[in-house]
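Listed here are the chains, written in short residue letters.
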Amino acid sequence: MAGQYELLLEGAQQLVLVCTKGEKYLLESGMQNLAVLENASVVIGKDGYIKAAGDASAIRNQFSGVPFEKIIDCSGKCILPGLVDAHTHPVWAGDRVHEFAMKLAGASYMDIHQAGGGIHFTVEHTRKTSEDELLQHFKERLLRMLRGGTTLVECKSGYGLNLETEIKMLRVIERARQELNIGISSTYCGAHSVPKDKNALEATDDIINVHLPKLKELDLNGEIHVDNIDVFCEKGVFDLNSTRKILQAGKDMGLQINFHGDELHPMKCAELGADLGAQAISHLEEVSDEGVTAMARAKCAAVLLPTTAYILRLKQPEARKMLKEGVIVALGSDFNPNAYCCSMPIVMHLACVNMKMSMKEALAAATINAAYALGKSDTHGSIEIGKQGDLLIINSSRWEHLIYQFGGHQELIEYVIVKGKVVYKNTNILDY
C-alpha cells in the first residue's frame, strides 16, 4: 500500500456523495434524496481516482499506517463534488459592457444583434486577436471558474464564424486543456451566427463541406480534440432544417449533439434534438409541451441557464415542469460577453430563487446531471469509488451554504481539488 495514496480528506462534518450506485443522472425523486454522510472521509489514489469514501472511523481503520502525500483535516467542514459548468462561451476578445447599458435602457437581444452588436461585435474582435492573447484571457477566466468550484467546464468556439478563427479558438481550448488542471469538454459552435458575408444556406454548406472535414483532419492528427457540436437554432439565425443538417453531419463524424434551442422563440428544437439523439439542449425558455415530453423520453438533458434569463430579462425556463415530466435537468453559467457570470454557486442560487428548484436539485443539476450533459457522468459529478477525485472543501458545517450565501463563495470555498491534487487553496479564509 505504501506510496499508493495521494490524499486523505479526513473527518468532514458532511460528505456530499450525490450518488452511491453509479447513477448516470438523477431525475426529480433522486435529486431530492441526495446521498450525504456525516463524519466522513475520502481517499484519493496516486492515479487521481477515488479509492474510498465513507465513515471516518472505518476509513481510519482501513488505512491505518498507510502513508499519504497529503492529509487535510476537514473537521467542521463539508466535502462536495467539483462543480460542472455545462455551457460556456469563454474564448473571446472585446467585452460588451456598453451593450449591458443598452439592455438596461430597453434594447432587446435581437435589437442589438441586428444593429451589428452582439455576437458580430465579438467576432470582429476575436478574429483580430492573436491565439496567444486569446489563450491568456481564456486561462484567466478558467482560473476564475476554478476558484468558484468548477472542475469540469464545457467550452465553445463560435466567435470566429470562419474556418481560420474557429480553428484558432479550438486550438486555444486544446492548449488550455493541456496546460491547466481543469477538465474541459470542447464544443465546435461555428453555427453560432450567420457570417456577414453569407446567408444561412451558404453558411450551412460551408460548415458541412469545409469546416467539419477540416476539424476531423485536425482531430485525427492529434492537433485538437472536439467533443460536441452546437448550433444556435433561432429565428433570423439557423432554422430547423439547417440545424438538423449541421447536427447530423457532426454526429456522423462522432461528435455529441449539444445545442442552443428554443431560447427566444418556440422553434421545436427539443423535438429535433430528441429525434437526433442529442446529448443535451441548452436554454429552452420557449420549449413546447411536446418538446419536454420528447426530451424526457429520449433522455436528452436540458441545460438550463438561469443567469442568462436573469441578465437578458427573459422568462425563466420551466424547471419544475421539466423535472415533473422526467427530464434530466442540468445547469450551466452561459458565461459569455453578453452574460458575464462564471460562478456556478451563483447559478445554483438563481436556479433556486428564480426557477423554483430546491438546493438539492440545484446541486445535482450542477454536478451529476451537468456531467451527464457532457457525456462524462461515468467519471465526474459525484464522489464514488472509481471516479475522478475532483472535490471542493467548504468552510461550513452544512453544504447548503454554498448555495445559500449568494455571492459568498469567495470566502466559503477553502480547497479545490482536481485528480487528487490541490489546485486552489483559499488564503482568504479567516480563522478566529
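Structure report, in brief. Computed from a prediction, not measured in an experiment: that's the story for all the values here. (Residues numbered from 1 in each chain as written. Predicted model: local features only at pLDDT ≥ 70, side-chain atom pairs only at ≥ 80, totals over all residues. Heavy atoms only, no water.)

**Looking at the packing of aromatic side chains**
The condition is simple: In summary, the pairing rule links any two rings of Phe, Tyr or Trp, Trp by its six-membered ring, whose centres are within 6.5 Å, and it sorts them by plane angle into stacked for under 30 degrees, edge-to-face for over 60 and tilted for everything else. Think of it this way: any DSSP run of H or I at least four residues long counts as a helix, any run of E at least two long counts as a strand, and we number them from the N terminus. For every residue, the accessible area obtained with a 1.4 Å probe (protein chains only) is divided by the maximum for its type, and the residue is called buried under 20%, exposed over 50%, and partly exposed between those limits.
Applying the stated rule across the entire model yields seven aromatic pairs. When the centroid spacing of 5.8 Å and the interplanar angle of 40° are considered together, the rings of Tyr 5 and Phe 68 count as tilted. A residue pair is termed long-range when its members are at least 10 positions apart, and Tyr 5 in strand S1 (residues 5–18) and Phe 68 in strand S4 (residues 68–73) qualify at 63 residues. The burial state of Tyr 5 is the same as that of Phe 68; both residues are buried. With 5.1 Å between their ring centres and 70° between their planes, Tyr 25 and Tyr 372 make a pair best called edge-to-face. Here Tyr 372 lies in helix H16 (residues 368–373) and Tyr 25 lies in the loop between S1 and helix H1 (28–31), a separation of 347 residues in the sequence. Given the relative accessible area of 25%, Tyr 25 is considered partly exposed. The class of Tyr 372 is buried, set by a relative accessible area of 13%. A network of ring pairs unites the aromatic residues Tyr 5, Phe 63 and Phe 68 as a single cluster.

**Focus: helix H10 (residues 269–276)**
Of all eight residues making up H10, seven are buried, and the element is well covered by its neighbours. Among the residues of H10, those classed as buried are Cys 269, Ala 270, Glu 271, Leu 272, Gly 273, Ala 274 and Leu 276. Of the residues flanking the end of H10, it is Gly 277, one or two places downstream, whose phi is positive at about 80°.

**Comments concerning the pairing of strand S15 (residues 413–418)**
It is a general feature of regular strands that their side chains alternate between the two faces of the sheet. Definition in use: Pairing between strands is defined by DSSP: at least two bridges between the two strands are required.
The buried fraction of S15 amounts to six of the six residues, a majority that puts the element mostly inside the structure. Across four bridges, strand S14 (residues 391–394) lies against S15 in antiparallel orientation. Each bridged residue has a counterpart across the sheet, and for Leu 391 the counterpart in S15 is Ile 417. Looking at chain direction, S15 and strand S16 (residues 421–425) are connected through four bridges and run antiparallel. Bridge pairing in S16 links Tyr 415 to Lys 425. Linking two consecutive strands that pair antiparallel, namely S15 and S16, is a turn of two residues; a positive phi of about 50° is found at Lys 419 within it.

**Re the side chain of His 120**
This is how the line gets drawn: By the convention used here, residues are in contact when the closest approach between their heavy atoms is within 4.5 Å.
With respect to the helices and strands, the residue His 120 is situated in helix H5 (residues 119–128). Look at His 120 and you get buried, because its relative accessible area is 12%. The contact partners of His 120, leaving out residues within four places of it in the chain, are His 113, Leu 161, Ser 193, Val 194, Pro 195 and Lys 196.

**A short note on the environment of Ala 351**
Residue position: Ala 351 is located in helix H14 (residues 344–355). By relative accessible area, Ala 351 is classed as buried at 0%. For the pair Ala 351 and Thr 307, spaced 44 residues apart in the sequence, the C-alpha separation amounts to 8.4 Å. Those residues in contact with Ala 351, other than ones at most four positions away along the chain, are Pro 306, Leu 331, Lys 356 and Met 357.

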